[in-house]
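Take a look at the letters that make up each chain.
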Amino acid sequence: MNKETLTIPQFRKALTSSYFEIAYSKLISNNADSLEEEEKHYLLKTAIILLNQIDSSLEKLGYRIILSYCNQFKFYIPLYDVSINKGYIPISKYIERNFLQERRSESENRFFNVLLSSYKENFAQDGIYLSEGQLDLAKFAASAEGDFALVAPTSYGKSEIIIDKIKKNKSKKVCVIVPTKSLLAQTKRRLINNGSDNELNKIITHPDMYLNNQESFIAILTQERLLRLIQKFPDFTLDILLVDEAHNLLKGDDRAILLAQVLLITRKRNPNSIINFFSPFIADTRSLESPYLPKQLSYKKTEEFIKIEKYFSIDVQNNKNLELYDQFTNKFIPITGHSGTTDLIFVSKHKASKNIIYLNKPRDIENFSIKAATTEPERSLNKGIDELIASIAEYVHPEYYLIDCIKKGTVYHHGSVPDIIRLYIESAFSQQQYFEYIVTNSTLLEGVNIPADKLFILSPKIGNRYFTKPELKNLIGRICRFSEIFHSSTGSLQRLEPSIYFIKGQYVSNKANINNFIERSLRSDLVILDDIDNVLLKDIDDIEDSDEKSKAAESLEYLENIEPNTVDSNSVTYAQSIIAQLCYKNNVHDFDIKKNEEILKKNFAENLLFDINTSSYLIRAITLLFTRDIDILNEHFKRMTSPSVQRYYTILLQWKADALPFSQMVINLVNLWMSSDNPLIYVGNKWGDINYEQKKGSNGYINRNQKTEKQLINLAIVRTKEEQDYIDNYLVKYIEIINGLGLIENMFYNKIKYGTDNQTIICFLKNGFTIELAQTLTKEIYQDYITIDLETDTIIINPNIAQAMSENGENRILVFEVKYHIR
């Protein structure tokens, strides 16, 4: 029988005030109890017709009707039949185990259940049942031999496919590129847990861990770390490069361009290298192809729609009622009796047991979390929570806002929270039923997996712009993961209809039209196209915009100066001096290297710098070489021309060289602020409230006299993290250049880079341990648990060390961290 060619726009046109619309609205707005029997039958018959349509939106609508009907009436035979037909085996297996025996007759049990159960075993893998789409993805990845892109929503097993690829290619040179240090740690942890004993003892997570001319290795690196490895070893090559969260390649920022550059260098050094891309959203495989990478990608994408989201909208600014947005009919359905006067009151009324609260700005994240902590009722603390609080108080500070929030069942998560604390609270939120809210921003988008049933979006923005459609879909996919839906003891098919709430409250502009944003982002028949902003994914001759063309030329010039002859280009100017070459190789963008090369040479020749062995001398060298007479483009780096800022970073560098614990840096920073004659303190635009420099949109200062001691401590916490990141990610480039010029004493270089010249501790740091954990593990009491080879920078840790550390009363954060390094 041929399918009807009805389309969703035609369906919507015929829908208004129809019998279907009335019945359907009752069903999806939780008024199913008011449905007449005739309406129920009509909906089910309509669903069958829609499921057989060519238009994918109509097909999804048919599935939505079946799913909602079965969840509302707890009658799952229709969903069972549909899930078998569509290959949604996890659903059918869950229904078989939990509901089917009660509904089927005895004779049906004997025949159909045995037959279908046998069929479902074809989809079983390591005790988990995969959908047909998941199995197809796994088979594709296993059989593909060349470059490919694999696109699937969260929960579809991309991480498992990456790990399987690594394990099958252990005899080769394999690298996984991840976008963040947090995801780097998670990927390493997954890989260690999936390897046999001592199989994956050394995973390279830092450029200094690599030994020249290794025949095989496994590396997990950010693009910045991979670039440093490429720079350090001219003969370094890869056989397989696995790019996780590959949609980041499409962006137009410096990190995306850098990612494209390392891909091109990898292929130039080894033309037979294989590059695999993994992403939750790429509309067209050709979007990832670069004219400078001639190989064509094969492509696999799943079109399954196992989950159907329910979107809600409310304007608490104007005290309006809740509305349900239906993405298929493109209509907002009023939900009576549901309103709220503030964001927090509404969230509190509609929360599930686990909830993600999305906000854009770190300041707003802390603001909301503190409000929740002051209004939520007291909670009974257990031993695990007491230990969590005590550990964070010792590691960071007893007055940390996060501790107040933890006491009320809330944690928060943003880029200015110390990395290990973020991992620690993610784990605590996942494992402890005690926690209700995790309040976060876009840090959640990069592969962080935490359990949650509901998502509350209190801001529709990411940075200074609105969410793109793919980014919003990616965020939404973070709740109700398959592992939670189909869990053997706590699973629920209700989670196949996750609830997402868009709230127009205090964190949204009065002018914002949230309903309009929802319509243009989530309507079921929207055509989503890739926004390709990365200039290295475009042929420079095809670029018409002059600014974009200039950026493309600059990016190619950087690429060629990092790795000559990577692309064919006659317009590239190569740096002639060592100092300019090192600026290119260290990816310096604070000034125009080509334009300032003669000045750089002059600064280097005139300033007799040598044997640098103090922080003040190092800061002086940075400013003399890279700021004198140079037109600086970056406003933050331009601050280095100020003597007071130079003194400030001299102090911060010394703290790093002395390997001060994070908690001590926080105390020292507060003391530094209090000792200043000027009460105005620079804290950056994220946290400031005074426009001291009289620049538009610049509120980078606070008046310390207008802040409480607790407020100053918490500002010091976020600023300590941000300043250490600035040193590690930006100032370190200049330190590496100066070291490359042979101007820094080796012992001092190690202290600045690692916080120590102790080779054992340095070995731990190269293997991804924090300085706090490295110092702890060098204690005499733990030597029997650790085997270290300093020549190969290899560390093997006995898994029993975690128990020993607990018994010795070590900080629980350090015990948690050591588990990331043991199987």
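Everything quoted here is computed from the prediction, not taken from an experiment. Within each chain, residue numbers correspond to sequence positions counted from 1 in written order. Local features in this predicted model are restricted to residues whose pLDDT is 70 or higher, and side-chain atom pairs enter the listing and the counts only when it is 80 or higher, whereas totals over whole chains, interfaces and linings include all residues. Side-chain numbers here rest on the full set of heavy atoms in the structure, without hydrogens or water.

> Whenever I open this one, the nonpolar core confuses me. Can you help?
Among soluble globular proteins, nonpolar side chains are generally buried collectively. Formed by 232 residues in total, the largest nonpolar core has its most connected members in Tyr-63, Ile-392 and Phe-626. For helices the rule is a DSSP run of H or I covering at least 4 residues; for strands it is a run of E covering at least 2, with both sets numbered from the N terminus onward. For this core, the element with the most residues is helix α28 (residues 709-740), which contributes 13 residues. Take the buried Ala, Val, Leu, Ile, Met, Phe, Trp, Tyr and Cys residues and link them wherever side-chain atoms come within 4.5 Å; each set so joined is a nonpolar core. Each residue is assigned to one of three classes by its accessible area relative to the maximum for its type, calculated with a 1.4 Å probe on protein chains only: buried under 20%, partly exposed between the two thresholds, exposed over 50%. Residues Ala-219, Leu-229, Val-262 and Leu-556 belong to the second largest nonpolar core, which totals 46 residues.

> How should unusual backbone geometry be read in this particular structure?
Most peptide bonds take the trans configuration, and most residues that are not glycine carry a negative phi. In this structure, Asn-330 is a non-glycine residue whose phi angle is positive, near 60 degrees. Tracing the chain through its elements places Asn-330 in the loop between β10 (322-326) and β11 (331-335). With a relative accessible area of 22%, Asn-330 lands in the partly exposed category. Although it is not a glycine, Asp-793 sits at a positive phi angle of roughly 55 degrees. Examined against the element boundaries, Asp-793 turns out to sit in the loop between β21 (786-789) and β22 (794-797).

> Sorry, what's going on with the state of the cysteines here?
Any covalent bond linking the sulfur atoms of two cysteines counts as a disulfide. In this description, a disulfide is simply a cysteine sulfur pair whose atoms lie within 2.5 Å. Summed over all chains, the structure comprises zero disulfides. For Cys-175, which is in no disulfide, the shortest distance to another cysteine sulfur is to Cys-763 and amounts to 20 Å. Classification of Cys-175 as buried rests on a relative accessible area of 0%.

> Please clarify how the pairing of strand β7 (residues 274-279) should be interpreted in this entry.
Judged by how many residues are buried, β7 sits mostly within the fold: five of six residues are covered. As paired elements, strand β3 (residues 148-151) and β7 share four bridges and run parallel to each other. Looking at the pairing, Phe-148 lines up with Asn-276 of β7. Relative to β7, strand β6 (residues 240-243) runs parallel, the two being bridged by four bridges. Among the inter-strand pairings, Ile-240 is bridged to a residue of β7, identified as Ile-274. Between the parallel pair β6 and β7, the chain is carried across by helix α12 (residues 254-269), and the sense of this crossover is right-handed. A pair of strands is treated as paired once DSSP finds two or more bridges between them. A clockwise path from the first strand over the helix to the second, with the strands pointing away from the viewer, defines a right-handed crossover.

> So what exactly am I meant to see when it comes to the packing of aromatic side chains here?
Aromatic ring pairs are defined here through the distance separating the ring centres and the angle between the ring planes. Pairing of aromatic rings covers Phe, Tyr and the six-membered ring of Trp, with a centre-to-centre limit of 6.5 Å; geometry is then stacked below 30 degrees between planes, edge-to-face above 60, and tilted otherwise. Evaluation of the coordinates by the stated rule reveals 38 aromatic pairs. Considering the side-chain rings of Phe-20 and Tyr-24, the 5.2 Å spacing of their centres and the 10 degrees angle between planes classify their relative orientation as stacked. Residue Phe-20 and its partner Tyr-24 are located together in helix α2 (residues 19-28), separated by four residues, close to a single helical turn. Each member of the pair, Phe-20 as well as Tyr-24, is classed as buried. A ring pair is formed by Phe-148 and Phe-278, whose centres lie 5.8 Å apart and whose planes are at 80 degrees; its orientation type is edge-to-face. Here the residue Phe-148 occupies a position in strand β3, and Phe-278 occupies one in strand β7, the gap between them amounting to 130 residues. Across the pair, Phe-278 and Phe-148 agree in class, each one buried. Every member of this aromatic cluster is reached through a ring pair, and the members are Tyr-76, Tyr-94, Phe-99, Tyr-156, Phe-482 and Phe-486. Working rule: Lys NZ or Arg CZ, within 6 Å of ring centre, within 35 degrees of ring normal, means a charge sits over the ring. Stacked on the ring of Tyr-466, the Lys or Arg Lys-461 has its end atom at 5.4 Å from the ring centre. Over the face of the ring belonging to Tyr-682 we find Arg-639, whose NZ or CZ atom lies 3.8 Å from the ring centre.

> What is the right way to look at the sheet that holds strand β9 (residues 310-315) in this model?
Neighbouring strands of a sheet are bound in pairs by backbone hydrogen bonds; such pairs are parallel or else antiparallel. Pairing in this open sheet of eight strands is mixed, and the strands run β11-β10-β9-β18-β15-β12-β14-β13 from one edge to the other. Pairing within the sheet leaves two strands with one partner each, and these edge strands are β11 and β13 (410-413). Put simply, the sheet's adjacent strands are angled 25 degrees from each other on average, direction ignored. As judged from the four bridges shared by strand β15 (residues 454-457) and strand β18 (residues 499-504), these two strands associate in the parallel manner. Within β18, the residue paired with Leu-455 across the bridge is Ile-500. We call two residues contacting when some pair of their heavy atoms lies within 4.5 Å. Note on geometry: axes are lines fitted to C-alpha atoms, helical ones only across the stretch in contact, with angles between N-to-C directions running from 0 to 180 degrees. Sitting on the sheet, helix α14 (residues 362-375) is in contact with β12 (355-358), β13 and β14 (437-440), with an inclination near 175 degrees to β13. Each of β9, β12, β15 and β18 touches helix α18 (residues 469-476); the most contacted strand, β15, lies at about 140 degrees to it.

> Sorry if this is basic, but what is going on with the confidence of the model for the protein here?
Close reading of the predicted structure is inappropriate where its pLDDT is low. Here the protein shows a mean pLDDT of 90. Residues at 70 or above account for 96%. Within the protein, helix α7 (residues 106-120) has the poorest average pLDDT of any element, 60, and β15 the best, 97. Per residue, pLDDT captures the predictor's confidence, and it can take any value from 0 to 100.

> Is there a simple way to explain the packing of helix α22 (residues 578-585) against helix α23 (residues 597-606) in this structure?
The description of two packed helices rests on the angle between their axes and on the distance between the axes. In contact at an axis separation of 8 Å, α22 and α23 are set at 115 degrees when each is read in the N-to-C sense. Listed contacts from α23 to Ile-579, Ala-580 and Cys-583 of α22 are Glu-597, Leu-600, Lys-601 and Phe-604. When residue character is reported, Ala, Val, Leu, Ile, Met, Phe, Trp, Tyr, Cys and Pro are called nonpolar, Asp, Glu, Lys and Arg charged, and the others, Gly included, polar. Residue classes in the contact of α22 with α23 are distributed as five nonpolar, no polar and two charged.

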